[in-house]
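# Fold and contact review
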Amino acid sequence: MSNTQQTEEVPLRQRISENPRPALVWLLAGALLIAVEFGALVGVFVDLLSLIVNLIPGNPGIGAVNALEAFVRSIPTLLSRDVIPNQGYWNGQGWEATFLGLEPKYAWLVRTILVYVYAALVFAWAWNGYTRFRRYYRYADWTPRDDVVDRLRGHTWGQFGFVIVFLFLVMAIFAPALGPTTVEANILDPYSNSVQYWDGEVGTSNGEVAEITVGEANLGSGSQGTASENFGPWTYDDYNRFHPFGTTTNGKDLFTNMATGARVSLSIGLASMGAAGIIALALAMITSYYKGLSDLIVILTSDSIQALPILMILILVMVVFQGTWFAELYDGALLMIGIFVLTQWPFLWRAIRGPALQTAEQEWIDAAKSFGQKPFVIMEKHMAPYVIGYMLVYTSMSLGGIIIAVAGLSFLGLGINPPTPEWGRIISDGQPYVASASWHISLIPGLLITLIVTGFNALGDGIRDAIDPKSKTGEGENTEAMAGGSGA
């Protein structure tokens, strides 16, 4: 085809302006989804702003931030405990202060189902945006990414992993709405909050409504291993409080602990792997482009870190810094993130070094150099896009390991500081009761950790096979070299 017959690529903005209807419909649907949870979405950013202000000496502007937090709390949010309450009490004739007068467990179940339906709708909206872009606005009829997406959609093991990871992400993101009670009331400050309950047999009119602090109610609701001192999954305690997963040894709601702990583990995992991934990607671009001395220096550094016993280093650093101001930042989460970033970037760099070296040898890289493009531009536009897919594979697989490590350190008493909930500490607290009536305290968190780690690994397998379909049959070009790099 001659140059006169070739057509220049039309900018995306112009393509949308020529056919705006699909984009407008998609944006309108997104606006409706945001409006439903607008208060919660704004609250996330306000909480982040509050954390940043609290880290600055003197806390400048803390008054304005507190006022903003109070305003955000007043914004109605559909999928919230205020709109769909479940923590009520029997008044002698029916349930009081619950959604539509439902029994607390059914009110909680309604809110939980609606939260997951909303999350599914958000995902469907995002996927619909991708398909609309492919159909109406993408300049090319086909790209290699289409085959990757299609292979991932047909990967059963990867789909299983996606479902598990999706359920976990929703649990972590919507933890405040999913919990049958709040973290502040049930865990952090129980004696400043109170609950009303029916002092008598529920379902009868022989009794009266009484009030008790949450702290006192927790003392009488602990699961201690005996039949008389145990509140298992899907039960009520003596104060009309419903517990989907039962209670802990000190009477706190286990599901609320699990949901909040999921948020803690996810935050540490994403922050750690995100920072480690950025370091690994940057070093992979530099070492594959320049090679020589830069590659040798990074190889020696990564080999030195990988030669260390990682578990012992984690325990040693946590013990050394225990009780210091740095270990208190974000209840110890910042220290853990720093350790994981330091120990994880060599593994990620090793994993993507091979693909980066292969990409650097391609003809289009030589062409870009001949046209005088700067090294940073070549790395950003012509090399990184071909390596990021492999980064996603190994990052998703490593997230499961981070979750296990966080739980393991907390199990040993070296992880997240109490009273912030963490799965490993919950397992440690319930360990003496594994063979008793209170088996749920340790078993439920243990099963969830196993399931979630399996889910992340399955999703990573699916992404890997979608990117490189020959890898699952062993027909790829030296899969080990691509994962570990060459000549090291």
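Procedures and definitions
Residues numbered from 1 in each chain as written. Predicted model: local features only at pLDDT ≥ 70, side-chain atom pairs only at ≥ 80, totals over all residues. Heavy atoms only, no water. UniProt positions renumbered as here; feature names shortened; annotations may be inferred. Phe/Tyr/Trp six-rings, centres within 6.5 Å; stacked < 30°, edge-to-face > 60°. Helix = DSSP H or I, 4+ residues; strand = E, 2+ residues; numbered from the N terminus. Buried < 20%, exposed > 50% of the residue type's maximum accessible area, 1.4 Å probe, protein only. Lys NZ or Arg CZ within 6 Å of the ring centre and 35° of its normal. pLDDT = per-residue confidence, 0-100. Contact = heavy atoms within 4.5 Å. Salt bridge = Lys/Arg side-chain N within 4 Å of Asp/Glu carboxyl O.

The name an unreviewed UniProt entry assigns to the protein is Oligopeptide ABC transporter permease, from the organism Halogranum salarium B-1. Per UniProt, the protein has the following entry under Subcellular location (unreviewed entry): "Cell membrane".

Per the stated rule, a full pass over the model turns up 21 aromatic pairs. Each ring, one from Y118 and one from F174, has its centre 6.0 Å from the other, and the planes form 85°; the classification is edge-to-face. One end of the pair, Y118, is in helix α5 (residues 104–137); the other, F174, is in the loop between α7 (156–173) and α8 (175–178), and 56 residues separate them in sequence. Note on Y118: relative accessible area 10%, which makes it buried. The buried category is assigned to F174, whose relative accessible area is 15%. Linked through ring pairs, W90, W95, W108, W234, Y236, F242, F245 and F255 together constitute an aromatic cluster. Of note, K369 hangs over the ring of Y289, and the distance from its end group to the ring centre comes to 4.6 Å.

Scored by pLDDT, the protein has a mean of 87; 93% of the residues are at 70 or more. A low-confidence stretch, residues 1–7 stays under pLDDT 50, and its non-local contacts, those more than four residues away or across chains, total two contacts. Per-residue pLDDT stays below 50 along residues 473–488; that stretch engages in 26 contacts with residues further than four places along the chain or on separate chains.

Once that is clear, we can look at the pattern of salt bridges. Working definition: two side chains of opposite charge can pair if their charged atoms are close together. Enumeration over the complete set of coordinates arrives at eight salt bridges. In this structure, R241 engages D237 in a salt bridge whose closest nitrogen and oxygen atoms are separated by 2.7 Å. On the basis of relative accessible area, R241 is assigned to the buried category, the value being 5%. Given a relative accessible area of 5%, D237 falls into the buried group. The partner of K291 in a salt bridge is E361, with the nearest N and O atoms 3.2 Å apart. Highlighted residues: K291 in the loop between α11 (254–290) and α12 (292–306) and E361 in the loop between α15 (333–360) and α16 (363–370), separated in sequence by 70 residues. Shared partners join several salt bridges into a network, and the residues in it are R134, R138 and D146.

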